[in-house]
Amino acid sequence: MFIKSPLNYTGNKYRILPQITKYFPKHTDVFVDMFCGGATVGFNVNADKVVLIDSNPRVINLLKFLAEKDINVIISKIEKIIEEYDLSYSYKYTYKKYRDEGYVVGNNGLKKYNEKGFYKLREDYNKLKNKNTDKANILLYTLMVYGFNNDIRFNNYGDFNLPVGKTDFNKNNYDKLIAYNERAKVTKYEFVCSDFRSKKVNDIINKATFIYCDPPYLITTAVYNENDGWNCDKEEALLKLLSKVAKKKIPFALSNVLKTKLKSNEQLEKWIQDNNFDVHKINYHYKSSSYNKKNRDREEQEILVTGGESSETGNK
Ligand SMILES: C[S@@+](CC[C@H](N)C(=O)[O-])C[C@H]1O[C@@H](n2cnc3c(N)ncnc32)[C@H](O)[C@@H]1O
């Protein structure tokens, strides 16, 4: 059964997991999820070992923390923060309670109730010198849950900069956290915080038996490629790396977009043709509340490129 990540990651692959995993091996030894984001793909495959790589240290640290720690400890820490910052807790007290008390105005959800506590929490998190402690991780998780769109986003100074959101630690977030923590217990995983061009990643790749890549897409923009953006050079480096992987007969799959209404990725198209890789069309409709009509009109065609040598497919 597929589980959702506890991180509501922009561009996460949950919705299209059935479509992409059918091109993965039924079982593999070492599965590498190279731009793992919220770990949605890596934690939903059948492998002896999964290596999850991402260059964002805050995300990797948080995922590690939520996977490793005892779930009861995590939840009691969240409950302590909820109490300390006077935040709503609809999973425990019901959403109705807050509505009946007049805190839910228009379609602003729990925003009004949480505004004060959220900004104090954000200030306290941003003031922390060391962002890789249990305390920092739990504050970041709580910020995400009470923040805009349940997203994680930092400015150039590394400060969490999203405003307060409409939701809280509700049943949905609670269930995702538990499912993820349970999946971690039955998965042999390793989180690696590194740029995909590092020697460390190169060594990992050489031992991999399947590599999945979900990089930022060159011709679309998302939160994670705003600060130190994805560009043609990085795209080129990734395509080169995957050509090498294919030559070594390591099977891989790459998610991407070839065309939007306004742009096309010719670099990628040429690389696919030159190497004779397979292209599978993926039916993706980003329907999140942040994905408005303007975005839908961009008519993006999501694709999965596969190459290298693959035998059995059909991961369940
Ligand atoms: C499209 S998202 C991945 C989403 C993920 N597959 C999921 O389902 O949640 C792309 C990820 O690439 C990471 N990234 C960007 N540049 C990178 C780099 N140079 N090396 C490694 N990871 C990078 C970003 O931090 C981001 O998490």
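Parameters and conventions
Residues numbered from 1 in each chain as written. Predicted model: local features only at pLDDT ≥ 70, side-chain atom pairs only at ≥ 80, totals over all residues. Heavy atoms only, no water. Helix = DSSP H or I, 4+ residues; strand = E, 2+ residues; numbered from the N terminus. Rg over C-alpha atoms; globule rule 2.2 N^0.38 Å. Buried < 20%, exposed > 50% of the residue type's maximum accessible area, 1.4 Å probe, protein only. Contact = heavy atoms within 4.5 Å. Areas by Shrake-Rupley, 256 points an atom, 1.4 Å probe, with all protein chains shown as cover. Lys, Arg positive; Asp, Glu negative; His and termini not counted. Charge placed at Lys NZ, Arg CZ, Asp CG, Glu CD. Domains from an automatic or database assignment. Pairing = 2+ DSSP bridges. 1 Å grid on protein atoms, 1.4 Å probe; cavity = no way out; pocket = protein on both sides within 12 Å on 5 of 7 lines; lining within 4 Å. Points joined across faces, edges and corners; volume = space filled by probe spheres on them. Nonpolar A, V, L, I, M, F, W, Y, C, P; charged D, E, K, R; others polar. Axes fitted to C-alpha atoms, helices over the stretch in contact; angles between N-to-C directions.

**Section: the overall build of the protein chain**
So, step 1. When helices and strands are tallied, the protein chain shows 12 helices and 7 strands.
So, step 2. Here the C-alpha atoms of the protein chain give a radius of gyration of 20 Å, agreeing with the 20 Å that 2.2 N^0.38 yields for 316 residues.
So, step 3. Projected onto the principal axes, the alpha-carbon positions of the protein chain cover approximately 60 × 40 × 35 Å.
So, step 4. Within the protein chain, the proportion of its 316 residues that are buried is 51%.
So, step 5. Of all intrachain contacts in the protein chain linking residues separated by at least 6 positions in sequence, the fraction that spans at least 24 positions is 70%.
So, step 6. With the model as given, the accessible surface of the protein chain reaches about 16000 Å², and the carbon-plus-sulfur share is 47%.
So, step 7. Averaging the locations of the 52 positively and 40 negatively charged side chains of the protein chain gives two centres separated by 2 Å.

**A short note on the domain arrangement of the protein chain**
So, step 1. On domain assignment, one finds that the protein chain holds domain 1 (14-55 + 197-307) and domain 2 (63-176).
So, step 2. Taking the mean C-alpha position of each, domain 1 and domain 2 sit 30 Å from one another.

**Focus: the pairing of strand β4 (residues 210-213)**
The two faces of the sheet receive side chains in turn, since in a regular strand these alternate between them.
So, step 1. Neither face of β4 is left uncovered, since the one carrying Phe210 and Tyr212 and the one carrying Ile211 and Cys213 both have all their residues buried.
So, step 2. As defined by bridge partners, β4 adjoins strand β5 (residues 252-257) across 3 bridges and the pair is classed as parallel. By the bridge assignment for β5, Tyr212 is matched with Ala253.

**Concerning empty space enclosed by the protein**
So, step 1. Under the criterion given, the structure shown has 1 cavity of 30 Å³ or more.
So, step 2. Taken as a whole, the largest cavity holds about 40 Å³ of empty space.
So, step 3. The wall of the largest cavity is formed by Asn202, Ile205, Asn206, Leu241, Lys244, Val245 and Lys248.
So, step 4. When residues of the lining of the largest cavity are traced back to their parent elements, those giving at least two are α9 (199-206) and α10 (232-247).
So, step 5. Along the lines of polarity and charge, the residues of the lining of the largest cavity split into 3 nonpolar, 2 polar and 2 charged.

**Some details on the environment of Asn161**
So, step 1. For Asn161, the location among the structural elements is in the loop between α7 (134-146) and α8 (171-185).
So, step 2. The class of Asn161 is partly exposed, set by a relative accessible area of 31%.
So, step 3. Separated by 13 residues in sequence, Asn161 and Phe148 place their C-alpha atoms 9.7 Å apart.
So, step 4. In contact with Asn161, other than residues within four places in its own chain, are Arg122, Arg153, Phe154 and Asn155.

**Regarding the sheet that holds strand β1 (residues 28-33)**
The strands that make up a sheet are held in pairs by hydrogen bonds between backbone atoms, and each pair lies either parallel or antiparallel.
So, step 1. The strand order β3-β2-β1-β4-β5-β7-β6 describes an open sheet built from 7 strands, whose pairing is mixed. The open sheet has two free edges, formed respectively by β3 (189-193) and β6 (278-282), since each of these has just one partner strand. Across this sheet, the average inter-strand angle for adjacent strands is 20°, counted without regard to direction.
So, step 2. Inspection of the sheet shows β1 paired to strand β2 (residues 47-54) by 5 bridges, in the parallel sense. Among the inter-strand pairings, Asp33 is bridged to a residue of β2, identified as Leu52.
So, step 3. Its contacts with the sheet place α9 against β1, β2, β3 and β4, and it is angled at close to 160° to β2.

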